[in-house]
Amino acid sequence: MRILVTGGTGYIGSHTVLTLLEAGHDVVVVDNLSNSSEEALRRVGELAGREAAFVRADITDEAALDAAFAEHAPEAVIHFAGLKAVGESVTIPLDYYFNNVAGTIALLRTMERHAVRTIVFSSSATVYGEHNPTPYVEKMEIGAMNPYGRTKEQIEDILTDLGASDPAWRIALLRYFNPVGAHPSGRIGEDPQGIPNNLVPFIAQVAVGRREKLMVFGGDYDTPDGTCLRDYIHVMDLAEGHAAALHYLQGHDGVHRWNLGSGHGTSVLQMHAAFEKAVGSPIPYEIAPRRAGDLPAFWADPSAALADLGWSTTRTVEAMCEDHWRWQKNNPMGYALSLEAGEEPQARPSMSPHPAPYRIDVTAGDPPSLEQALNRAVEAAIAQALMEGTRGVLVTRRSPCTYTVELSRIVPFGTTLERDESVQGR
Ligand code: NAD
Ligand code: WQD
């Protein structure tokens, strides 16, 4: 089948494109690269042994979409493209409504013009809001709590109305729970820009030395260990869920909703412990105040997806952490620069016209873990320095157990390589 995938260079999109290529489908990706890198698609091609076509375009641009549909003649669409940061959506709601809702309308209008009426849409567990008891079931009344969630809810409404207007439409609304992990090769994975909003990418950046410690948002919830419970799902299970939904739509018209989750809750501290096990060394954390808007606990009732699609999750929390860690360890700076075993760091053109100040404070209790943490921080800083074209990395000993690692425009780059001296000396 020929499938057009919007947002296919992003985190979930790239893993799904790989799954589709491996299943023998032809894929064209449409993405504006606002939150992703074309490198992801290059690696997907490497892993699959065949390429997906790529069109750099914005989904709000109907002329560009028309050209992509005319050239590639897709038979179905999987629609990932969208902005997804809850906090940001509160600050710039119009951008979220325009990009996500208006973008989806432009996509659907284009699909109509080209008589393509099969679509799988990335919805979210966030549409269940705060009033529903857990586990969440598809038939529950939805009601999101923030602009991002409301874009998902509104798109679900639009697609439901569209399905009711014409039986030729075949629509799957997939409500994802908490996607984590990476392809087991460690070649593709999640590459958040700036400070990660989500738990596992944050833990992974602490583990690789890019952040000092994890802040656990709230330790006094009414849950077994006091921290929030979420339904984490391996991104490869999620990718396979899309292939299963698309297959189902071949034989069924109308609008269908499925939860894609495991059906189990895992706490923040359990996730942290599982990640420490995958890394094999301690990951610093601290219990911090609750984060506004967090619900104490929710997970999916995934029985409808099993009954209709024959799909359920097969990968464990341990596998999620091992795979996520392999990706992060091999690519400490994501797609911008990869430091793989035996591979020499290479300078790339500056990614950011205004590089952010870069500084990590490394603190650890005992010498082996301090040295490990410091080495990881220095490696990450070197990678960042190369990427941004700064001259070097400065390591300063603040106290016996605290060092600061920061980018320096004064210290020549070679100086940073004396990091062992810095660790033991000054
Ligand atoms: P992502 O940011 O990695 O991928 C989204 C992709 O869409 C990016 O490649 C981005 O460049 C592209 N994009 C955004 N706006 C676009 C536009 N106007 N035109 C063309 N391309 C555009 O995010 P992800 O985690 O892979 O999420 C994919 C989808 O799944 C999103 O719709 C998201 O809301 C939804 N979702 C994600 C999660 C999660 O926790 N990751 C959970 C539930 C639902
Ligand atoms: C999980 C748990 C945090 C970071 C969000 C969106 C949702 C969906 C998935 C798109 C919570 C805790 C987190 C940290 C922490 N996305 N945490 N320290 O909030 O369940 O869902 O992503 O649709 O819409 O809201 O996921 O990963 O942010 O948080 O303690 O640094 O980890 O408080 O309990 P969440 P998350």
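Thresholds, definitions, all that
- Residues numbered from 1 in each chain as written.
- Chains lettered and ligands numbered in written order.
- Predicted model: local features only at pLDDT ≥ 70, side-chain atom pairs only at ≥ 80, totals over all residues.
- pLDDT = per-residue confidence, 0-100.
- Helix = DSSP H or I, 4+ residues; strand = E, 2+ residues; numbered from the N terminus.
- Contact = placed C-beta atoms within 7 Å.
- Near = placed C-beta within 6 Å.
- Nonpolar A, V, L, I, M, F, W, Y, C, P; charged D, E, K, R; others polar.
- Buried ≥ 20, exposed ≤ 12 C-beta atoms within 10 Å, placed from the backbone.
- Pairing = 2+ DSSP bridges.
- Right-handed = clockwise from strand over helix to strand, strands pointing away.

## Quick look at the confidence of the model for the protein
One rule of thumb: low pLDDT means the predicted coordinates there are not for detailed reading. On average, residues of the protein carry a pLDDT of 89, and 88% of them reach 70 or more. When pLDDT is averaged over each element of the protein, strand 1 (residues 2–6) comes out on top at 99 and helix 13 (residues 419–424) at the bottom at 37. Confidence over residues 412–426 falls short of pLDDT 50; this stretch has 17 contacts with residues more than four positions distant or in other chains.

## Observations concerning the site of ligand 1
Surrounding ligand 1, one finds 27 residues, the nearest of these being Gly 7, Gly 10, Ser 36, Gly 82 and Ser 122. Per element, the largest residue contribution to the shell around ligand 1 is 3 residues, and it comes from helix 1 (residues 11–22). Residues of the shell around ligand 1, tallied by class, amount to 9 nonpolar, 15 polar and 3 charged.

## Details of the site of ligand 2
In the vicinity of ligand 2 there are 18 residues, among which Ser 124, Thr 126, Asn 198, Leu 199 and Cys 228 approach most closely. Breaking the shell around ligand 2 down by element, the ones donating at least two residues are helix 7 (199–207) and strand 8 (214–217). The leading source of residues in the shell around ligand 2 is strand 8, at 4 residues.

## Examining unusual backbone geometry
Most peptide bonds adopt trans geometry, and most residues besides glycine take a negative phi value. The omega torsion of the bond from Thr 134 to Pro 135 falls at 5 degrees, within 30 degrees of zero and hence cis. Unusually for a residue other than glycine, Leu 33 sits at a positive phi of about 60 degrees. Following the sequence through the fold, Leu 33 ends up in the loop between strand 2 (26–31) and helix 2 (38–48). In this structure, Ala 73 takes a positive phi of about 45 degrees despite not being glycine. In this structure Ala 73 comes out as partly exposed when scored by C-beta crowding, with 13 C-beta atoms within 10 Å.

## Digging into the environment of Met 111
Tracing the backbone shows Met 111 in helix 5 (residues 93–113). A C-alpha to C-alpha distance of 9.6 Å links Met 111 and Glu 75, two positions 36 residues apart in sequence. With residues up to four places along the chain from it excluded, the contact list for Met 111 reads Val 77, Val 116, Arg 117 and Ile 119.

## Remarks on helix 7
Among the 9 residues in helix 7, 8 count as buried, and that is most of the element. Every buried residue of helix 7 is accounted for by Leu 199, Val 200, Pro 201, Ile 203, Ala 204, Gln 205, Val 206 and Ala 207. Buried-residue contacts for helix 7 involve strand 7 (178–180), strand 8, helix 9 (268–279) and helix 11 (317–330).

## Considerations on the pairing of strand 6 (residues 170–176)
Counting buried residues in strand 6 gives 7 out of 7 residues, a clear majority hidden from the surface. Both faces of strand 6 are covered, namely the face carrying Arg 170, Ala 172, Leu 174 and Tyr 176 and the face carrying Ile 171, Leu 173 and Arg 175. Sheet topology note: the strand 5 (residues 118–124)/strand 6 ladder contains 7 bridges and is parallel. Bridging from a neighbouring strand, Ser 122 pairs with Leu 174 of strand 6. One crossover worth recording links strand 5 to the parallel strand 6 by way of helix 6 (residues 147–165), and it is right-handed. The pairing of strand 6 with strand 11 (residues 254–260) spans 7 bridges and is parallel. When the bridges of strand 11 are listed, Ile 171 appears paired with Val 255.

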